[in-house]
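Descriptive analysis of the structure
Read off the chains here:
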Amino acid sequence: MEYNNSRVTPPPFFGGHELVAQTNAVMKRVYVRMFIGLLVSAFCALGVASSQTAMAFLFGNQLVFWGMLIAMIAMAFIIPARLQKMSSGAVLGCFVLYSALMGCWLAPLFLVYRLGTIVYTLFITAGTFGAMSVYGYFTKSDLSKMGTYLMMALFGLLIAIVVNIFWANSTMEWIISIAGVLIFTGLTAWDTQQVKRMAAANLEPSMADKLATMGAMNLYLDFINLFIFLLRILGGNRD
């Protein structure tokens, strides 16, 4: 969720209309690519969940299972780190590949939760995400300090998740889910403001395009995580 790897210079002496047009153009690319990423994940998840062979291959083979997880973690760090050295097409391709891997990873959700519950939670997630993204885009408040606290809370959440894997405490799982919803709701607003600031900066076209993909990936991750934690709170399993 960092944008500091790019060389961002202050906006040029644009008039109000030119600056708004530039910002809107980049933001449009961000949301379109985020939507594409979500569609790729949805189709991959449905495809894998509907195939016993695919499920057995991805989740019955330890090498494939851990390889898929390690690949996603590595891509989350490598893409931002090498953003300036990669082409726009390569960055976009990596994001689509990441979305496909994430979709495969989420396929078991269709076996654990009822389809109606998943759809219901998806609509709630979309509404919450949309409201917070609109807030982050239009607010005049600087959300930088809030973003710092949220990132610290995110690291704490990750530690709690790892601990609870071994502890397996249902009360802790409930607390983690609520905390996850609150954290990613806030991160949605913060990331949106970060993306908007990047969109208004004076960037060369290729870098603006790459950062649009990076912004889409960050908002995509906010949406996916918000959905997962809400599903854990709202969803009853198939039993």
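Heads up: the structure comes first, above all this text.
Residues numbered from 1 in each chain as written. Predicted model: local features only at pLDDT ≥ 70, side-chain atom pairs only at ≥ 80, totals over all residues. Heavy atoms only, no water.

**Looking at the overall build of the chain**
- In terms of helices and strands, the chain carries nine helices and zero strands.
- Order of helices (α) and strands (β) in the chain, N terminus to C terminus: α-α-α-α-α-α-α-α-α.
- Overall, the C-alpha framework of the chain stretches about 60 × 35 × 30 Å when taken along its three principal axes.
- Put simply, the chain has 239 residues, and 43% of those count as buried.
- Considering only residue pairs separated by 6 or more positions, the chain has 87% of its internal contacts joining residues 24 or more positions apart. (Helix = DSSP H or I, 4+ residues; strand = E, 2+ residues; numbered from the N terminus. Buried < 20%, exposed > 50% of the residue type's maximum accessible area, 1.4 Å probe, protein only. Contact = heavy atoms within 4.5 Å.)

**Some details on the nonpolar core**
- Core analysis: the largest hydrophobic core is formed by 62 residues, its most contacted members being M34, Y98, M102, L187 and Y220.
- With 16 residues, the single largest contributor to this core is helix α9 (residues 205-234).
- Setting aside residues no more than four positions away along its own chain, M102 makes contact with S41, M72, Y220, L221 and I224. (Core = buried A, V, L, I, M, F, W, Y, C linked by side-chain atoms within 4.5 Å.)

**Some thoughts on the packing of aromatic side chains**
- If you walk through the whole model with that rule in mind, you get eight aromatic pairs.
- Considering the side-chain rings of F129 and F223, the 5.5 Å spacing of their centres and the 70° angle between planes classify their relative orientation as edge-to-face. Pair noted here: F129 is in helix α6 (residues 115-138) and F223 is in helix α9, with a separation of 94 residues, a long-range link. F223 shares its class with F129; the two are buried.
- One residue, K196, lies across the ring of Y137, its end atom 4.4 Å from the ring centre. (Phe/Tyr/Trp six-rings, centres within 6.5 Å; stacked < 30°, edge-to-face > 60°. Lys NZ or Arg CZ within 6 Å of the ring centre and 35° of its normal.)

**Comments concerning the packing of helix α4 (residues 88-106) against α9**
- Packing of α4 against α9 leaves a shortest axis separation of 9 Å and a crossing angle of 10°. It follows from the interaxial angle that α4 and α9 lie roughly parallel. Residues S88, V91, L92, F95, Y98, S99, M102 and L106 of α4 pack against S206, D209, K210, T213, A216, M217, Y220, L221, I224 and I228 of α9.
- A breakdown of the residues in the contact of α4 with α9 according to their chemical character gives twelve nonpolar, four polar and two charged. (Axes fitted to C-alpha atoms, helices over the stretch in contact; angles between N-to-C directions. Parallel < 35°, antiparallel > 145°, perpendicular 65-115°, else oblique. Nonpolar A, V, L, I, M, F, W, Y, C, P; charged D, E, K, R; others polar.)

**A few points about helix α3 (residues 62-81)**
- With 20 residues, α3 should cover 28 Å at 1.5 Å per step; its first-to-last C-alpha distance of 28 Å lies within 8% of that length.
- The sharpest bend along α3 comes to roughly 25°, located at M75.
- Within α3, the full set of buried residues consists of V64, M68, M72, M75, I79 and P80.
- Elements in contact with the buried residues of α3: α2 (52-59), α4 and α9. (Expected span 1.5 Å × (residues − 1). Bend = angle between axes of the 7 residues up to and from the residue.)

**Overview of the environment of G180**
- Turning to its location among the elements, G180 is positioned in helix α8 (residues 170-199).
- Residue G180 is classed as buried on the basis of its relative accessible area of 0%.
- Considered as a pair, G180 and L157 are 23 residues apart in the sequence and their alpha carbons are 7.2 Å apart.

**Here's the deal with the environment of C44**
- Here C44 is to be found in helix α1 (residues 16-49).
- For C44 and C104, which are 60 residues apart along the polypeptide, the C-alpha to C-alpha distance reads 5.5 Å.
- With near-sequence residues (within four places) excluded, C44 lies in contact with A100, G103 and C104.

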